[in-house]
Amino acid sequence: MELYNLTIHELHTRLSTGEVTSQEVTESVLKRIESIDKQVNAYITVTQPLAMAQAKKADEVISRGQCTPLTGIPLAIKDILCMKGVTTTCGSKILENFVPPYDATVIKRLREEDAVFIGRTNMDEFAMGSSTETSYFGPTRNPWDASRIPGGSSGGSAAAVAADECIAALGTDTGGSIRQPAACCGLVGLKPTYGRVSRFGLIAFASSLDQAGPMTKDVQDTALLMNVICGYDPLDSTSLKVEVPDYTAVLGKDVAGMSIGIPKEYFMEGLDGEVAKAVSEAIKVLEGLQMEVKEVSLPHTDYAVAAYYLIAPAEASSNLARYDAVKYGYRTSKDTGLLDMYMHSRSEGFGAEVKRRIMLGTYALSAGYYDAYYKKASQVRTLIRKDFETVFEECDVIVTPTYPTSAFKIGEKVNDPLNMYLSDIFTIPANLAGIPAISLPCGFTGEGLPIGLQLLSNSFQEEKLIQVAAAYEQESRWHLQKPTLAM
Ligand code: GLN
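A brief report on the enclosed structure follows.

Calculation notes
- Residues numbered from 1 in each chain as written.
- Predicted model: local features only at pLDDT ≥ 70, side-chain atom pairs only at ≥ 80, totals over all residues.
- Heavy atoms only, no water.
- Helix = DSSP H or I, 4+ residues; strand = E, 2+ residues; numbered from the N terminus.
- Buried < 20%, exposed > 50% of the residue type's maximum accessible area, 1.4 Å probe, protein only.
- Contact = heavy atoms within 4.5 Å.
- Areas by Shrake-Rupley, 256 points an atom, 1.4 Å probe, with all protein chains shown as cover.
- Lys, Arg positive; Asp, Glu negative; His and termini not counted.
- Charge placed at Lys NZ, Arg CZ, Asp CG, Glu CD.
- Polar contact = N/O pair within 3.5 Å; in protein donor to acceptor, adjacent residues only side chain to side chain.
- Near = heavy atom within 4 Å.
- Nonpolar A, V, L, I, M, F, W, Y, C, P; charged D, E, K, R; others polar.
- Expected span 1.5 Å × (residues − 1).
- Salt bridge = Lys/Arg side-chain N within 4 Å of Asp/Glu carboxyl O.
- Arc of directions from axis to C-beta.
- Core = buried A, V, L, I, M, F, W, Y, C linked by side-chain atoms within 4.5 Å.
- Pairing = 2+ DSSP bridges.
- Axes fitted to C-alpha atoms, helices over the stretch in contact; angles between N-to-C directions.
- Phe/Tyr/Trp six-rings, centres within 6.5 Å; stacked < 30°, edge-to-face > 60°.
- Lys NZ or Arg CZ within 6 Å of the ring centre and 35° of its normal.

1. As for the overall build of the protein
Point 1. Counting its secondary structure elements, the protein contains 15 helices and eleven strands.
Point 2. Each of the three principal axes of the protein carries a C-alpha extent, and together these read 65 × 55 × 45 Å.
Point 3. The buried share among the 487 residues of the protein stands at 60%.
Point 4. A separation of at least 24 residues holds for 75% of the contacts in the protein among residues at least 6 apart in sequence.
Point 5. Summing over all exposed atoms, the protein offers an accessible surface of approximately 18,200 Å²; the carbon and sulfur share of this is 52%.
Point 6. A gap of 5 Å separates the mean positions of the 45 positive and 59 negative side-chain charges of the protein.

2. Remarks on the environment of Thr 89
Point 1. As for its position among the elements, Thr 89 is in the loop between β2 (74–78) and α4 (105–112).
Point 2. Among the residues examined, Thr 89 registers a relative accessible area of 2% and is labelled buried.
Point 3. Counting along the chain gives 163 residues from Thr 89 to Gly 252, while the straight-line C-alpha distance between them is 40 Å.
Point 4. Once residues within four sequence positions are removed from consideration, Thr 89 is found in contact with Ile 44, Asp 79, Leu 95, Glu 96 and Phe 137.
Point 5. In terms of polar contacts, Thr 89 uses its side chain to reach the side chain of Asp 79, at 2.6 Å.

3. Things to note about the site of the ligand
Point 1. Neighbouring the ligand are 15 residues; Thr 174, Gly 175, Ser 177, Tyr 308 and Arg 357 lie closest to it.
Point 2. One nitrogen or oxygen atom from the side chain of Ser 153 is found 3.4 Å from a nitrogen atom belonging to the ligand.
Point 3. In the environment of the ligand, an oxygen atom lies 3.2 Å from a nitrogen or oxygen atom belonging to the backbone of Gly 176.
Point 4. Expressed as a share of its isolated accessible area of 290 Å², the protein-covered part of the ligand is 99%.
Point 5. Residue composition of the shell around the ligand, by class: five nonpolar, seven polar and three charged.

4. A word on helix α9 (residues 304–319)
Since one α-helical turn is 3.6 residues long, residues separated by three or four positions face the same way.
Point 1. Given a rise of 1.5 Å per residue, 16 residues ought to cover 22 Å, and the 22 Å separating the end C-alpha atoms of α9 matches this to within 8%.
Point 2. The buried count for α9 comes to 13 of 16 residues, which makes it a mostly enclosed element.

5. Concerning the pattern of salt bridges
Point 1. As enumerated under the stated definition, the model contains 19 salt bridges in all.
Point 2. Residue Arg 199 pairs with Asp 236 through a salt bridge whose shortest N-O separation is 3.6 Å. Within this pair, whereas Arg 199 is found in the loop between β5 (188–191) and β6 (211–216), its partner Asp 236 is found in the loop between α7 (219–229) and β7 (259–263), the two being separated by 37 residues in sequence. Like Asp 236, Arg 199 is buried.
Point 3. Notably, a salt bridge pairs Glu 281 with Lys 277, separated by 3.5 Å at the nearest N-O pair. Remark: Lys 277 and Glu 281 occur in helix α8 (residues 273–288); sequence separation between them is four residues, near one turn of the helix.

6. Comments concerning the environment of Ile 62
Point 1. Relative to the helices and strands, Ile 62 resides in helix α3 (residues 48–63).
Point 2. For Ile 62, a relative accessible area of 14% gives the class buried.
Point 3. Spatially, the C-alpha atom of Ile 62 lies 9.7 Å from that of Asp 114, the residues being 52 residues apart in sequence.
Point 4. For Ile 62, the contacting residues outside a window of four places in its chain are Leu 15, Cys 67 and Thr 71.

7. Side note on helix α11 (residues 352–365)
Point 1. Taking 1.5 Å per residue, 14 residues should reach 20 Å; α11 reaches 20 Å between its end C-alpha atoms and fits that length.
Point 2. Along α11, the residues classified as buried are Glu 353, Val 354, Arg 357, Ile 358, Gly 361 and Ala 364. Viewed end-on, α11 has its buried residues packed into an arc of 135°, placing them on one side of the element. What points out from α11, more than 90 degrees from its buried face, is the exposed set Ala 352 and Met 359.

8. Things to note about the nonpolar core
Point 1. Membership of the largest hydrophobic core comes to 148 residues, with the highest contact counts inside it found for Leu 81, Leu 110, Ile 118, Phe 126, Phe 388, Leu 432 and Leu 455.
Point 2. The greatest single-element share of this core, amounting to nine residues, is contributed by α9.
Point 3. If we ignore the near neighbours within four places in the chain, the residues touching Leu 432 are Leu 209, Ala 304, Ala 307, Tyr 308, Ile 311, Arg 381 and Ile 384.
Point 4. Residues Ile 149, Cys 184, Tyr 403 and Met 420 belong to the second largest nonpolar core, which totals six residues.

9. Examining the sheet that holds strand β1 (residues 43–46)
Point 1. Within the open sheet, the eleven strands sit side by side as β1-β3-β2-β4-β6-β5-β10-β11-β9-β7-β8. Their pairing is mixed. Where the open sheet ends on each side, the last strands, each with one partner, are β1 and β8 (292–296). Pairwise comparison of adjacent strand axes, ignoring direction, gives a mean angle of 30° for this sheet.
Point 2. Two elements, strand β9 (residues 397–401) and strand β11 (residues 450–457), share five bridges in a ladder whose sense is antiparallel. When the sheet's bridge partners are listed, Val 397 is paired in β11 with Ser 457.
Point 3. Along the sheet, helix α12 (residues 371–392) contacts β8, β9 and β11; its crossing angle with β9, the most-contacted strand, is approximately 120°.

10. Brief notes about the packing of aromatic side chains
Point 1. Applying the stated criterion to the full structure yields 17 aromatic pairs.
Point 2. Between Phe 126 and Tyr 323, the ring centres sit 5.1 Å apart and the planes meet at 50°, which makes this aromatic pair tilted. Remark: Tyr 323 occurs in the loop between α9 and α10 (338–349) and Phe 126 occurs in the loop between β3 (116–121) and α5 (155–162); sequence separation between them is 197 residues.
Point 3. Aromatic pair Tyr 266 and Phe 426: ring centres 5.2 Å apart, planes at 20°, arrangement stacked. Separated by 160 residues along the polypeptide, Tyr 266 in the loop between β7 and α8 and Phe 426 in the loop between α13 (417–422) and α14 (428–433) bring together distant segments of the chain.
Point 4. Judged by its relative accessible area of 0%, Tyr 266 is buried.
Point 5. Pairwise contacts between aromatic rings join Phe 98, Phe 126, Tyr 323, Tyr 328 and Phe 350 into one cluster.
Point 6. Above the ring of Tyr 330, the side-chain terminus of Lys 93 is found at 4.7 Å from the ring centroid.
Point 7. In this arrangement the basic side chain of Lys 413 is found over the ring face of Phe 408, its NZ or CZ atom lying 4.6 Å from the centre.

Shown next as structure tokens:
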């Protein structure tokens, strides 16, 4: 066992007792990155000097007896969260050289705990994708099978955690981008309630859906990161003043008597047999813990993908209007006049998927089409939210697969965007409804690829997700398996 193999809580014990130093842990992780990241491509930037300086400072803090759970822990951060003085590309050529002059609030909170920032992880360009293949910096490979995608858009964060190239990571989730890569790489990933975590400094894709959250090796680590990143922030007008509980308090707590809802619409055509089997077995495990299992209905599920692929591109087309090559970002060398400069900079700076979304969104918002598309999609969104409200009147958590299949092959779906979009069916509803959801490992396919189990709860009930996920994890060994990285 190497230091880089450990979890946050395992390292915390060793760091706080002086058994190891943060500098040793950080060096171990950096060596791991050096030896395997050429194959995985989890990182866009490795911030080695910053990490070593932070580790040194963390060791000083620890020697003064002030070691909090994240002190000295090397974390990887998706390249969409602004970090002061460190290039933040959002996986795009247009932001290739963007160095933010400020920290995102989540980064600031982690800095205050003296966590160590090891690097910036690869992602689909502007978080638009489910495979990390739309990154300007090339695709990330799944550590469980290098010919496959790690999921997306937070695929770099997922691959980095799975390959032990960091101890834990942050991702963001607009329609599944934390949970789906967590499922594809055998990790725990939690998308918090909309408004639970500040979006200040999170480069906007679809502002009414975006949330940052943890991607970790086990449930306890997710709880530890949640304790730090959650909470009200006056810099984000959509963040809510709701008290943050200690999420570790529910670990190990009995789940007997709690109820789980199984939505019949989620066990549909297109769901892979091995995934369905693993999820059914996980439900049996929960039943064995004396949880009450009920069949429930979320009747508007079928419309979620269509609504999302109108709302998200509409918001994206507006958010991405700011990349005009005037104040920052890529600028064309074909500078023949103002309009031409805008046009060439944007068409050279954005990749194909981002352009597709901008066009879809601009169309959906345009005069004459707004009512038919954007407004209609917003109405559908309300129906989806109401579906969940009804179900949560009778059960504590909903259990579903995270993704209809295991990780697919690199290149398999790049030219078939509709197929790629349709696979987001299980993750998108939580974003539309604003509710929290967690993905955790629940098995492997015959080919050795991880399968994810998704739990959803009502708004601001992340504790229930963590409690049930921890209870399931206690009964299983899936999270302890590691890829062999035969690359
Ligand atoms: N796969 C979805 C999309 O392409 C979700 C992405 C995300 O959550 N950022 O939009």
